[in-house]
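Breakdown of the fold
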Amino acid sequence: MDATDMGDSLQDVLVTAEQMDQRLDELAAQIDGDYAGREVLLVGVLRGAVMVMADLSRKLHTPLQMDWMAVSSYGSGTKSSGVVRILKDLDQDVTDRHVLIVEDIIDSGLTLSWLRANLLSRGAASVEIATALRKPKAVKVAVDVKYVGFEIPDEFVVGYGLDYDEQYRHLPFIGTLAPHVYEN
Ligand code: PRP
């Protein structure tokens, strides 16, 4: 899928596929340096993190394993409440493991804040966070995010794993939707 397939549904391109690829190269180099001599457990948060997990993991030289969680935030509409329900738990035990949570976007930061505390309470040796995108609100939440791809404005974004009504996840870049798409 590319921009031409979106017709007038696409408003702007915020991050091109090339920009994302280059930024993930930088983050991977940083992660390799930080985890030298240690094995890392990458935990992808379904479903949005599929693309960044696939791309980031293939750039890493650090020995790693991958696992997945699916969580759902209780709340109304698009707003997170901070109360999180586990829809699919990890298959692996995280005790004494160095966990790196991989996310597509941090919006309110509430999901990540809960998830980090949850994994630490299970005895993980360390829990860090890598996210492709972060919105401004998340900066205010007291959750330390070590690896951030791009800081983006508080707009409705799709692509690179992010959906609107389950559409556009396979768009290779990050775009904003034209308001007429979601205002109907
Ligand atoms: C998105 C994203 C994060 C969460 C961030 O997932 O992948 O998990 O929202 O929001 P927060 O910072 O406000 O807590 P979403 O619930 O849209 O599910 P999806 O990944 O399946 O699209």
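Let me sum up the structure you'll find in this document. Since the model is a prediction, treat every value here as computed from it, not as a measurement.

**Description of the overall build of the chain**
Along the backbone of the chain there are five helices and nine strands. Going from the N terminus to the C terminus, the chain shows its helices and strands as α-β-α-β-α-β-β-β-α-β-β-β-β-α. In terms of overall dimensions, the chain is globule-like: its C-alpha atoms have a radius of gyration of 16 Å, near the 16 Å expected for 184 residues. Out of the 184 residues belonging to the chain, those deemed buried represent 46%. For the chain, the exposed surface amounts to about 9,000 Å²; the carbon and sulfur share of it is 49%. In the chain, the 17 positive side-chain charges and the 29 negative ones have mean positions that sit 6 Å from each other.

**Concerning the pattern of salt bridges**
Going through the model one piece at a time under the given rule, you end up with 12 salt bridges. A salt bridge links Glu26 to Arg23; the shortest N-O distance between them is 2.6 Å. You can see Glu26 and its partner Arg23 sitting in helix α2 (residues 17-34), three residues apart, about one turn around the helix. A salt bridge links Asp55 to Arg58, with the nearest nitrogen and oxygen atoms 2.8 Å apart. A residue pair is termed a helical-turn pair when its members lie 3 or 4 positions apart in one helix, as Asp55 and Arg58 do in helix α3 (residues 50-59) at three residues. We classify Asp55 as partly exposed; its relative accessible area is 24%. Judged by relative accessible area, which is 63%, Arg58 ranks as exposed.

**Points about the site of the ligand**
Neighbouring residues of the ligand: 15 residues in total, closest Glu103, Asp104, Ser108, Gly109 and Thr111. Gly48 places a main-chain nitrogen or oxygen 2.8 Å from an oxygen atom of the ligand. A distance of 2.7 Å separates an oxygen atom of the ligand from a polar atom in the backbone of Gly109. When the ligand is considered free in solution it has 510 Å² of accessible area, and contact with the protein chains removes 78% of it. Elements represented by at least two residues in the shell around the ligand include exactly β5 (98-106) and α4 (110-121). No other element matches β5, which puts four residues into the shell around the ligand. When its residues are assigned to classes, the shell around the ligand shows four nonpolar, five polar and six charged.

**Examining the pairing of strand β3 (residues 64-73)**
The pairing of strand β2 (residues 40-46) with β3 spans seven bridges and is parallel. Across the sheet, residue Val43 finds its bridge partner in β3, namely Asp67. The parallel pair β2 and β3 is bridged by α3, and the resulting crossover is right-handed. Pairing analysis gives four bridges linking β3 to strand β4 (residues 84-88), with the strands arranged antiparallel. Bridge pairing links Ser73 to Val84 in β4.

**What to know about α4**
Compared with an ideal rise of 1.5 Å per residue, which puts 12 residues at 16 Å, α4 spans 17 Å between its outermost C-alpha atoms and is within 8% of the ideal. Among all positions of α4, only Thr111, Leu112, Leu115, Asn118 and Leu119 are buried. Within α4, the buried residues cover an arc of 130° as seen down the axis, which keeps them to one side. Those residues of α4 that are buried are in contact with β2, β3, β4, β5 and β6 (126-134). With its phi angle positive at about 95°, Gly123 sits one or two positions after the end of α4.

**Focus: the side chain of Glu103**
In this structure, Glu103 sits in strand β5. No salt bridge is formed by the buried Glu103. Its closest oppositely charged neighbour is Arg169, at 8.9 Å.

What counts, and at which threshold
- Chains are numbered independently. Their residues run from 1 in the order of the written sequence.
- Only residues with pLDDT of at least 70 get local features here, since the model is predicted, and only at 80 or more are side-chain atom pairs given and counted; chain-wide, interface and lining totals rely on the full set of residues.
- In computing side-chain values, all of the structure's heavy atoms are included and hydrogens and water are not.
- To qualify as a helix, a DSSP run of H or I must reach at least 4 residues; to qualify as a strand, a run of E must reach at least 2; elements of each kind are numbered from the N terminus.
- We take the radius of gyration over the C-alpha atoms and set the globule estimate at 2.2 Å times the residue count to the 0.38 power.
- Classification of residues uses two cut-offs on accessible area relative to the type maximum, computed with a 1.4 Å probe and protein chains only: under 20% is buried, over 50% is exposed, and between them is partly exposed.
- Residue exposure ignores everything except the shown protein chains as possible cover, and the areas themselves are Shrake-Rupley values with a 1.4 Å probe.
- A residue counts as positive if it is Lys or Arg and as negative if it is Asp or Glu; His and the chain ends are not included.
- Note that the charge is assigned to NZ on lysines, CZ on arginines, CG on aspartates and CD on glutamates.
- Basic side-chain nitrogens of Lys or Arg form a salt bridge, by our definition, when they fall within 4 Å of a carboxyl oxygen of Asp or Glu.
- We call a residue near a given molecule or strand whenever any one of its heavy atoms falls within 4 Å of it.
- Here a polar contact means two N or O atoms within 3.5 Å. Within protein one must be a hydrogen donor candidate and the other an acceptor candidate, and residues neighboring in sequence count only if both atoms are side-chain atoms.
- Amino acids outside the nonpolar list (Ala, Val, Leu, Ile, Met, Phe, Trp, Tyr, Cys, Pro) and the charged list (Asp, Glu, Lys, Arg) are all regarded as polar, and Gly is one of them.
- Only strands joined by at least two bridges in the DSSP assignment are considered to pair.
- Seen with its strands pointing away from the viewer, a crossover is right-handed if its path from the first strand over the helix to the second goes clockwise.
- Expected helix span is computed as 1.5 Å times (number of residues minus one).
- Working note: the arc is built from the helix axis to C-beta atom directions.
- Whether two residues are in contact is decided by their heavy atoms, any of which lying within 4.5 Å being enough.

By themselves these figures say nothing about function.
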